[in-house]
Amino acid sequence: MSSKIEDIDILVSGGGIAGLIAAAGFGAEGFSTLCVDPTPPVTEEAARGADLRSTAFLAPSVDLLERIGLWDRLAPFATPLQIMRIVDAGGARPEARLTRDFDAAEIGDAPFGWNLPNWLLRREISARLEQLQTVHFLPGIGTADLVPRDEGAMVTLSDGRHLRAKLVIAADGRNSPTRQALGIGVRTFRYGQKALAFAVTHEHPHENVSTEIHRSGGPFTLVPLPDRDGLPSSAVVWMENGREIARLRALPRKDFAEELNARSAGVLGRLSQATALTEWPIISQIADRFSGPRTALIAEAAHVVPPIGAQGLNMSLADLTTLIDLSRNDPGNPASLDRYNQSRRPDAYARLLGIDALNRASQAKMRPLRDLRAAALGGFYGIGPIRRMVMRAGLGLGSARAGDG
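Conventions we followed
Residues numbered from 1 in each chain as written. Predicted model: local features only at pLDDT ≥ 70, side-chain atom pairs only at ≥ 80, totals over all residues. Heavy atoms only, no water. Axes fitted to C-alpha atoms, helices over the stretch in contact; angles between N-to-C directions. Helix = DSSP H or I, 4+ residues; strand = E, 2+ residues; numbered from the N terminus. Parallel < 35°, antiparallel > 145°, perpendicular 65-115°, else oblique. Left-handed = near helix turned anticlockwise from the far one by under 90°. Contact = heavy atoms within 4.5 Å. Pairing = 2+ DSSP bridges. Expected span 1.5 Å × (residues − 1). Buried < 20%, exposed > 50% of the residue type's maximum accessible area, 1.4 Å probe, protein only. pLDDT = per-residue confidence, 0-100. Salt bridge = Lys/Arg side-chain N within 4 Å of Asp/Glu carboxyl O. Nonpolar A, V, L, I, M, F, W, Y, C, P; charged D, E, K, R; others polar. Core = buried A, V, L, I, M, F, W, Y, C linked by side-chain atoms within 4.5 Å. Polar contact = N/O pair within 3.5 Å; in protein donor to acceptor, adjacent residues only side chain to side chain.

Observations regarding the packing of helix H8 (residues 312-326) against helix H9 (residues 334-362)
And then number 1: In contact at an axis separation of 10 Å, H8 and H9 are set at 160° when each is read in the N-to-C sense. Overall, the two elements H8 and H9 adopt an arrangement that is roughly antiparallel. Between H8 and H9 lies a crossing of right-handed hand. Here Met-315, Ala-318, Asp-319, Thr-322, Leu-323 and Leu-326 of H8 lie close against H9, whose contacting residues are Ser-336, Leu-337, Arg-339, Tyr-340, Ser-343, Arg-344, Ala-348 and Arg-351.

Following this line, the structure appears as structure tokens:
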């Protein structure tokens with residue numbers, strides 16, 4: 001194998017959605033960019049290993065996608081999210097007893113965001129990378145070794161190729177080998193939860209409302225998707241303790257359907273399972289630092305949060321936006337990477353703590369605690385300025401919001 005060293009600007013280690021968008025982003029800025037991932041992306045819904053979750057891109061994330069030339073590809077498949085609805089079904093029976101709507105119209109003219117299936121995102125972003133002459137995507141190849149030096153990060157790929165990169169972007173997941181190679185530790189919060197992710201069809205139109213139903217064990221979330229076979233459709237994320245998820249997965253399809261409809265509190269009428277079930281462990285986690293020599297951590301290499309409030313990938317794209325802006329003149333320089341860490345880690349940690357509190361409240365099993373949760377939601381919602389402030393904070397906006405998202 002040749003020992004020749006190839007010089008590039010950016011190496012993105014990890015080809016999940018955040019890594020693919022990072023490659024598109026830096027490639028659109030004119031940097032020579034290589035993206036590697038040992039596992040090729042699964043780009044068909046029915047294929048084995050397909051990611052059946054969906055992602056709601058909030059307005060600031062759409063701004064980035066437009067800027068780097070991705071949004072035109074994604075927009076035709078996107079479903080707008082106009083209202084975020086929270087339903088408390090924590091009474092004696094699994095029925096909606098309190099419903100509160102957070103309407104994007106209160107803070108601007110555009111929806112909160114737009115929802116797309118994750119498998120489709122991988123398909124469309126991979127296709128975009130093929131159009132960019134500045135980007136090469138090598139699925140099936142990983143990062144085998146990383147040695148940061150002043151002049152660049154010396155990287156060995158799993159195929160034996162040697163690279164020198166000005167900046168390595170670690171987008172290689174919650175167990176990030178890159179982060180471990182740098183000796184950066186993490187703080188992890190465990191909940192004993194897992195999540196089922198799948199798609200359903202339902203009787204009533206979703207009317208572009210994303211609904212989070214709280215009873216116990218964690219939220220049950222219905223996120224709008226385009227119609228499927230002429231029927232209204234939504235993505236489901238059903239969080240519960242691990243034992244309950246195992247029980248649900250083992251049920252015959254008919255019995256699972258009954259449990260599914262009981263847990264949904266009937267908010268969209270009868271639900272019918274439309275895809276296979278996929279399962280995901282739920283944790284919160286944050287890296288001790290978001291940067292190292294010639295290296296920046298983004299996405300789950302930097303932070304992991306439960307799927308509440310559409311924060312996860314939007315936090316990742318906030319990482320990427322900051323990193324692109326700081327890398328324009330000299331990617332990988334120590335001052336820029338320090339600024340990246342100082343900018344992104346406090347914001348990510350604050351959001352993690354807020355989501356952690358919401359998740360623990362949603363897990364409440366005892367009726368008095370569920371009643372307290374409902375009372376808090378009802379009282380909080382009634383204070384208009386606070387409600388609007390929380391909506392803007394959830395979007396990552398300041399005190400004002402542009403009307404067109």
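Don't stop here, the text continues.
Quick word on the sheet that holds strand E3 (residues 54-58)
And then number 1: In space, the three strands of this open sheet follow the order E3-E7-E4, with antiparallel pairing throughout. Looking along the sheet, the strands with just one partner apiece sit at the ends: E3 and strand E4 (79-81). For this sheet, the mean inter-axis angle between neighbouring strands, taken without regard to orientation, is 35°.
And then number 2: Alignment of E4 against strand E7 (residues 113-117), held across three bridges, turns out to be antiparallel. Bridge assignment links Pro-80 to a residue of E7, and that residue is Trp-114.
And then number 3: Packed onto the sheet, helix H2 (residues 59-67) meets E3 and E7 and runs at close to 90° relative to E3.

What to know about helix H1 (residues 17-28)
And then number 1: For H1, with twelve residues, the first-to-last C-alpha span of 16 Å sits near the 16 Å given by 1.5 Å per residue.
And then number 2: With eleven of twelve residues buried, H1 lies mostly within the body of the structure.
And then number 3: Three or more residues of H1 are buried, namely Ile-17, Ala-18, Gly-19, Leu-20, Ile-21, Ala-22, Ala-23, Ala-24, Gly-25, Phe-26 and Gly-27.
And then number 4: Looking one or two residues beyond H1, the residue adopting positive phi is Gly-30, at roughly 95°.

Side note on the confidence of the model for the protein
And then number 1: When pLDDT is averaged along the protein, the result is 88; 87% of the residues meet or exceed 70.
And then number 2: Counted against residues more than four places away or in other chains, residues 397-405, with its pLDDT under 50, gives 19 contacts.

Quick notes on the pattern of salt bridges
And then number 1: Throughout the structure, instances matching the rule amount to 24 salt bridges.
And then number 2: A salt bridge links Asp-325 to Arg-67; the shortest N-O distance between them is 2.8 Å. Of the two residues, Asp-325 is situated in helix H8 and Arg-67 in helix H2; the sequence distance between them amounts to 258 residues.
And then number 3: For Arg-67, a relative accessible area of 36% corresponds to the partly exposed category.
And then number 4: Members of the salt-bridge network, linked through shared partners, are Glu-29, Arg-67, Asp-325 and Arg-328.

Some thoughts on the pairing of strand E11 (residues 162-170)
And then number 1: Both strand E1 (residues 5-13) and E11 contribute to a ladder of eight bridges, which runs parallel. The residue bridging Ile-10 from the neighbouring strand is Leu-167, located in E11.
And then number 2: Pairing geometry for strand E10 (residues 152-157) and E11, over four bridges, is antiparallel. Each residue of the ladder has a partner; that of Ala-153, found in E11, is Ala-165.
And then number 3: Hairpin connection, E10 to E11: the antiparallel pair is bridged by four residues, and Gly-160 has positive phi, about 95°.
And then number 4: Direction of pairing for E11 relative to strand E19 (residues 295-297): parallel, over a ladder of three bridges. Its bridge partner lying in E19, Val-168 is registered against Thr-295.

A look at the packing of H2 against H8
And then number 1: Remark: H2 packs on H8, axes separated minimally by 9 Å, with the N-to-C direction vectors making an angle of 50°. Classed by the angle they form, the pair H2 and H8 counts as oblique. Handedness of the crossing formed by H2 with H8: left-handed. Residues Ser-61, Leu-64, Leu-65 and Arg-67 of H2 touch H8, and the partners they reach there are Asn-314, Leu-317, Leu-320, Thr-321, Ile-324 and Asp-325.
And then number 2: Among the residues making up the contact of H2 with H8, the classes are represented as five nonpolar, three polar and two charged.

A closer look at the nonpolar core
And then number 1: The biggest cluster of nonpolar side chains holds 66 residues, and the ones touching the most others in it are Ile-21, Phe-26, Phe-57, Ile-298 and Leu-323.
And then number 2: Excluding anything up to four places from it in sequence, Ile-21 contacts Phe-57, Leu-65, Ile-68, Leu-70, Ile-125, Leu-317 and Leu-320.
And then number 3: The next biggest cluster of nonpolar side chains, apart from the first, holds 18 residues, and it includes Val-87, Phe-220, Ile-245 and Leu-260.

Describing the side chain of Ser-234
And then number 1: Within the secondary structure, Ser-234 is located in strand E15 (residues 231-241).
And then number 2: On the basis of relative accessible area, Ser-234 is assigned to the buried category, the value being 1%.
And then number 3: Among the polar contacts made by the side chain of Ser-234, one reaches the side chain of His-202 at a distance of 2.8 Å.
And then number 4: Contacts of Ser-234, omitting those with residues within four sequence positions, involve Phe-198, Ala-199, Val-200, His-202, His-206, Leu-222, Val-223, Pro-224, Leu-225 and Leu-268.

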